[in-house]
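If you want the building blocks of each chain, they are given just below.
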Amino acid sequence: MTVNRRELIRKIILEQPIENQHQLRQALAAYGVSCTQPTLSREIKAMRIVKRSDPDGRYRYMLSPSSDENVRQRLKTILHESVISVDRAQNLIVIKTLPELASAACAVFDGMQIDHLVGTIAGDNTAFLAMRDNDSAEELYQDIEKIIYED
């Protein structure tokens, strides 16, 4: 499944100096996960994995800042400073924001690549997050509430 493969790719890249797709495929195979080169290319693109120079001067795969803590921090900041309320109606999450800030909230959620998030729609002060099912909507709703009401 894509979710587990992505989690494993993330783990491997964080723990090992992976310099190319062949090494990444070998590392995945060591965990019993096989995938084709085109599939791996799509995963790398979807996860926004980049090649950067490490402290030793070797180029290796790394998670881009937008796929790491920066996105979560942006989400936290945007939600803390702009959200007035959040509610859930079946598989939809409705977020009321200060005027002109719904787009920013949607952009952050879109950038997080949440597996069960089907899409977002932003108005001036209202953001709709469409989830694939009610359970995933409830889970994300609870996470958003925790972030909003954190001290």
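Here goes a summary of the coordinates provided.

1. Notes on unusual backbone geometry
Glycine aside, the phi torsion of most residues is negative, and most peptide linkages are trans.
Thinking step 1. With phi around 55°, R48 is a residue other than glycine that occupies positive phi space.
Thinking step 2. Assignment of secondary structure puts R48 in the loop between α3 (37-46) and β1 (49-53).
Thinking step 3. Among the residues examined, R48 registers a relative accessible area of 35% and is labelled partly exposed.
Thinking step 4. With a phi close to 70°, E100 is a non-glycine residue in the positive phi region.
Thinking step 5. Here E100 lies in the loop between β4 (92-97) and α5 (102-111).
Thinking step 6. E100 sits in the exposed class, given a relative accessible area of 65%.

2. Considerations on a nonpolar patch on the surface
Thinking step 1. On the surface, a nonpolar cluster with roughly 240 Å² of combined accessible area is contributed by I84, L98 and L101.
Thinking step 2. For I84, the location among the structural elements is in strand β3 (residues 83-89).
Thinking step 3. Classification of I84 by relative accessible area gives exposed; the value is 55%.

Rules and cut-offs
Just so you know, the residues in each chain are numbered from 1, in the order the chain's sequence is written. Under the rules for a predicted model, residues below a pLDDT of 70 receive no local features and side-chain atom pairs below 80 are neither given nor counted, while totals for whole chains, interfaces and linings still include all residues. To get the side-chain values, take all heavy atoms of the structure and skip hydrogens and water. Numbering of helices and strands runs from the N terminus; a helix is a DSSP stretch of H or I covering at least four residues, while a strand is a stretch of E covering at least two. For the exposure calls, accessible area comes from a 1.4 Å probe over protein chains only, and a residue counts as buried if that area is under 20% of its type's maximum, exposed if over 50%, partly exposed in between. Nonpolar side chains (Val, Leu, Ile, Met, Phe, Trp, Tyr) are joined into patches within 5 Å and like charges within 9 Å, using only residues with over 30% relative accessible area and no salt bridge. Only the protein chains shown count as cover for residues, and the accessible areas themselves come from Shrake-Rupley with a 1.4 Å probe. Each salt bridge in this description consists of a side-chain nitrogen of Lys or Arg and a carboxyl oxygen of Asp or Glu lying within 4 Å of one another.

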